[in-house]
Amino acid sequence: GISYANQSKYQAAAKYYLKALSLNEGAEHIWGYLRFCFACMNRHDLVAQSDGRNLDTFRGEFKF
């Protein structure tokens, strides 16, 4: 995810951050990286949804 984010490929980065979170939802730092990606994508709706920390919220838009 970090490699994609560093290339400004935020959609791909978010997908991989979500995949990592599916393996460990308690990884606080990854939630922060994910929020950063959503903000860079101008998807403030997703930033707000990430506060709920429910991965099912993102499954429809990001196939992970």
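If you're wondering where the values come from, they're calculated on a predicted model, not measured in any experiment. (Residues numbered from 1 in each chain as written. Predicted model: local features only at pLDDT ≥ 70, side-chain atom pairs only at ≥ 80, totals over all residues. Heavy atoms only, no water.)

Student: Explain helix 3 (residues 28-40) here, please?
Tutor: Side chains of residues three or four places apart in an α-helix project in the same direction, reflecting 3.6 residues per turn. A rise of 1.5 Å per residue sets the reference length of helix 3, with its 13 residues, at 18 Å; its end C-alpha atoms lie 19 Å apart and thus fit the reference within 8%. When we look at burial in helix 3, the residues that qualify are Ile30, Trp31, Leu34, Cys37 and Phe38. Buried residues of helix 3 fall within an arc of 120° about the axis and therefore sit on the same side. On the buried face of helix 3, the contacting elements are helix 1 (2-6), helix 2 (10-23) and helix 4 (44-50). (Helix = DSSP H or I, 4+ residues; strand = E, 2+ residues; numbered from the N terminus. Expected span 1.5 Å × (residues − 1). Buried < 20%, exposed > 50% of the residue type's maximum accessible area, 1.4 Å probe, protein only. Arc of directions from axis to C-beta. Contact = heavy atoms within 4.5 Å.)

Student: Before we go on, may I ask you to explain the packing of aromatic side chains in this structure?
Tutor: Any two aromatic rings considered together are summarised by their centre-to-centre distance and by the angle between their planes. Enumeration according to the criterion identifies four aromatic pairs in this entry. Taking 5.8 Å as the distance between ring centres and 35° as the angle between the ring planes, the aromatic pair formed by Phe38 and Phe62 counts as tilted. Pair noted here: Phe38 is in helix 3 and Phe62 is in the segment after helix 4, with a separation of 24 residues, a long-range link. The class of Phe62 is buried, set by a relative accessible area of 3%. Following the ring pairs from residue to residue traces out a cluster consisting of Phe38, Phe58 and Phe62. (Phe/Tyr/Trp six-rings, centres within 6.5 Å; stacked < 30°, edge-to-face > 60°.)

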